[in-house]
Amino acid sequence: MGGPGGLERWWREDAAMAGRRGALIVLEGVDRAGKSTQSRKLVDALCAEGHRAELLRFPERSTEIGKLLGSYLEKKSEVEDHSVHLLFSANRWEHVPLMKEKLSQGVTLVVDRYAFSGVAFTSAKELQLAEAAVRGEFGRERYESGPFQQRALQRFQQLLADPSLPWKTVNASRSIEDVHREIRALSEDAIRAAAHRPLGQLWT
Ligand code: Z5A
Ligand code: MG
């Protein structure tokens, strides 16, 4: 910050930001769509532009619940389907108080997978037994097979059709930079739109 002009601008920007909440920006999609790459780039770009932005990811494997999920996904342990769904859900709920606090303080949260993955992947399991017969891919993480991902994609597409959810679809088969530019523009719109809107619920 330079002379008095800089100080004046600082006061103006500070006043304009007062009372504004952050936006919850969730990146969803199938395996290897580029969610983690884009989430990191988005947070870096938003911070460079002067926004307060932080990255979260689910499953968040560092907590006690997250460690159970990590072990399950790496096929080191077995967990009954309903129970593992609840563990994924609990892993999100254990972060909700902190997320609400950050959002209300004006921090934008960029989230690499969230509850929509919970719906898409659990419901995609309906066909899991049939798929297991044709899978033939061993040694990788659970769910990382073509037929299962196809099923999860269908579930995401069903969620997209719900007009109450403010989804934006981004074609992820372009270059990392092209995808980033589009996500960044959409995120700036979302941050502006969220600024004076009270925090709501994801689903009612
Ligand atoms: N799961 C669930 O069942 N229930 C739940 O409630 C939740 C999750 C929250 C682990 O998730 C599993 O948990 C997941 C769903 C389930 N199972 N599956 N599938 P995860 O998030 O830990 O892992 P993942 O999403 O499966 O995979 P990923 O490897 O993290 O994918 P990604 O983040 O979308 O991709 P990436 O790491 O950014 O990119 C992958 C590679 O592609 C990398 O080398 C990049 O450099 C490259 N890349 C990225 N973008 C491009 C473009 N545009 N062009 C070329 N190359 C690219
Ligand atoms: Mg990822």
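For every chain, the first residue of the written sequence is number 1, and numbering continues from 1 onward in sequence order. Just so you know, chain letters begin at A and ligand numbers begin at 1, following the order they were written in. Local features in this predicted model are restricted to residues whose pLDDT is 70 or higher, and side-chain atom pairs enter the listing and the counts only when it is 80 or higher, whereas totals over whole chains, interfaces and linings include all residues. Hydrogens and water are ignored here; the side-chain numbers use all heavy atoms of the structure.

### What to know about the overall build of the chain
(1) Moving on: Summing up its helical and strand segments, the chain has 9 helices and 3 strands in all.
(2) Moving on: Secondary structure is summarised from DSSP: a helix means a run of H or I of at least four residues, a strand means a run of E of at least two, and numbering begins at the N terminus for each. Taken from the N to the C terminus, the helices and strands of the chain come in the order α-β-α-β-α-α-α-β-α-α-α-α.
(3) Moving on: Counting across all 204 residues of the chain, residues that qualify as buried make up 36%.
(4) Moving on: With residues, only the protein chains shown are counted as cover, and all accessible areas are computed by Shrake-Rupley using a 1.4 Å probe. When the accessible area of the chain is evaluated, it comes to approximately 12,300 Å², of which 56% is carbon and sulfur surface. Burial classification: accessible surface area is computed with a 1.4 Å probe over protein chains only, and a residue below 20% of its type maximum counts as buried, one above 50% as exposed, and the rest as partly exposed.

### Things to note about the site of ligand 1
(1) Moving on: Of all residues adjacent to ligand 1, which total 24 residues, the nearest are Arg-32, Lys-35, Thr-37, Arg-92 and Gln-149.
(2) Moving on: One of the side-chain nitrogen or oxygen atoms of Arg-32 is found 2.3 Å away from an oxygen atom of ligand 1.
(3) Moving on: Relative to its unbound accessible surface of 1,100 Å², ligand 1 loses 75% to contact with the protein.
(4) Moving on: Spatially, ligand 1 is embedded in the second largest pocket.
(5) Moving on: Sorting the residues of the shell around ligand 1 by element identifies helix H2 (35-48), helix H4 (81-93) and helix H6 (115-124) as the ones contributing at least two each.
(6) Moving on: Residue classes follow a fixed rule: Ala, Val, Leu, Ile, Met, Phe, Trp, Tyr, Cys and Pro count as nonpolar, while Asp, Glu, Lys and Arg count as charged, and any other residue, Gly among them, counts as polar. A breakdown of the residues in the shell around ligand 1 according to their chemical character gives 10 nonpolar, 7 polar and 7 charged. One heavy atom within 4 Å of a molecule or strand is enough for the residue carrying it to be called near that molecule or strand. Residues adjacent in sequence count toward polar contacts only when both atoms are side-chain atoms; beyond that, a polar contact is any pair of N or O atoms within 3.5 Å, and within protein one must be able to donate a hydrogen and the other to accept it. The rule is simple: put a 1 Å grid over the protein atoms alone, call a set of points where a 1.4 Å probe fits but cannot get out a cavity, call an open set with protein on both sides within 12 Å along at least five of seven lines a pocket, and count a residue as lining if it has an atom within 4 Å of a point. The rule for placing a molecule in a cavity or pocket is simple: more than half of its atoms must lie within 2 Å of the grid points.

### Observations concerning the packing of aromatic side chains
(1) Moving on: Ring pairs shown here join Phe, Tyr and Trp side chains whose ring centres sit within 6.5 Å, with only the six-membered ring taken for Trp; geometry is labelled stacked below 30 degrees between planes, edge-to-face above 60, and tilted in between. Evaluation of the coordinates by the stated rule reveals 7 aromatic pairs.
(2) Moving on: An angle of 55° between the planes, with centres 5.5 Å apart, marks the rings of Phe-58 and Tyr-114 as tilted. With Phe-58 in the loop between strand S2 (53-57) and helix H3 (64-73) and Tyr-114 in the loop between strand S3 (108-112) and H6, this residue pair connects regions lying 56 residues apart in the sequence. Like Tyr-114, Phe-58 is buried.

### Regarding the side chain of Arg-142
(1) Moving on: Along the chain, Arg-142 falls in the loop between helix H7 (128-135) and helix H8 (146-160).
(2) Moving on: A polar contact of 2.7 Å, which involves the side chain of Arg-142, links it to the backbone oxygen of Tyr-72.
(3) Moving on: Contacts are assigned to residue pairs that have any heavy atoms within 4.5 Å of one another. Ignoring any residue separated from it by four or fewer positions in sequence, one finds Arg-142 in contact with Tyr-72, Leu-73, Lys-75, Ser-77 and Glu-78.

### Examining the layout of surface pockets
(1) Moving on: Grid points are joined across faces, edges and corners, and a volume is the space filled by probe spheres set on the points. Estimates place the volume of the second largest pocket at around 610 Å³.
(2) Moving on: In this structure, the second largest pocket is lined by 27 residues; those nearest its centre are Lys-35, Phe-58, Pro-59, Arg-61 and Arg-113.
(3) Moving on: Sorting the residues of the lining of the second largest pocket by element identifies H2, H4 and H6 as the ones contributing at least two each.
(4) Moving on: In terms of residue count, H6 provides more of the lining of the second largest pocket than any other element does, 4 residues in total.

### Some thoughts on a nonpolar patch on the surface
(1) Moving on: Surface patches are defined over residues having more than 30% relative accessible area and no salt bridge, joining like charges when they lie within 9 Å and nonpolar side chains (Val, Leu, Ile, Met, Phe, Trp, Tyr) when within 5 Å. Salt bridges are defined by distance alone: a side-chain nitrogen of Lys or Arg within 4 Å of a carboxyl oxygen of Asp or Glu. Side chains of Leu-24, Val-119, Leu-202 and Trp-203 sit close together on the surface and give an oily, nonpolar patch of about 290 Å² of accessible area.
(2) Moving on: With respect to the helices and strands, Leu-202 occurs in the segment after helix H9 (176-194).

### Thoughts on the environment of Tyr-143
(1) Moving on: With respect to the helices and strands, Tyr-143 occurs in the loop between H7 and H8.
(2) Moving on: Residue Tyr-143 is classed as buried on the basis of its relative accessible area, which comes to 9%.
(3) Moving on: Expressed as a C-alpha distance, the spacing of Tyr-143 and Leu-73, which sit 70 residues apart in the sequence, is 7.9 Å.
(4) Moving on: Not counting residues up to four positions away in its chain, the partners in contact with Tyr-143 are Tyr-72, Leu-73, Val-84, Phe-88, Phe-121, Lys-125, Phe-148 and Gln-149.
(5) Moving on: A distance of 3.1 Å separates the side chain of Tyr-143 from the side chain of Lys-125, its partner in a polar contact.

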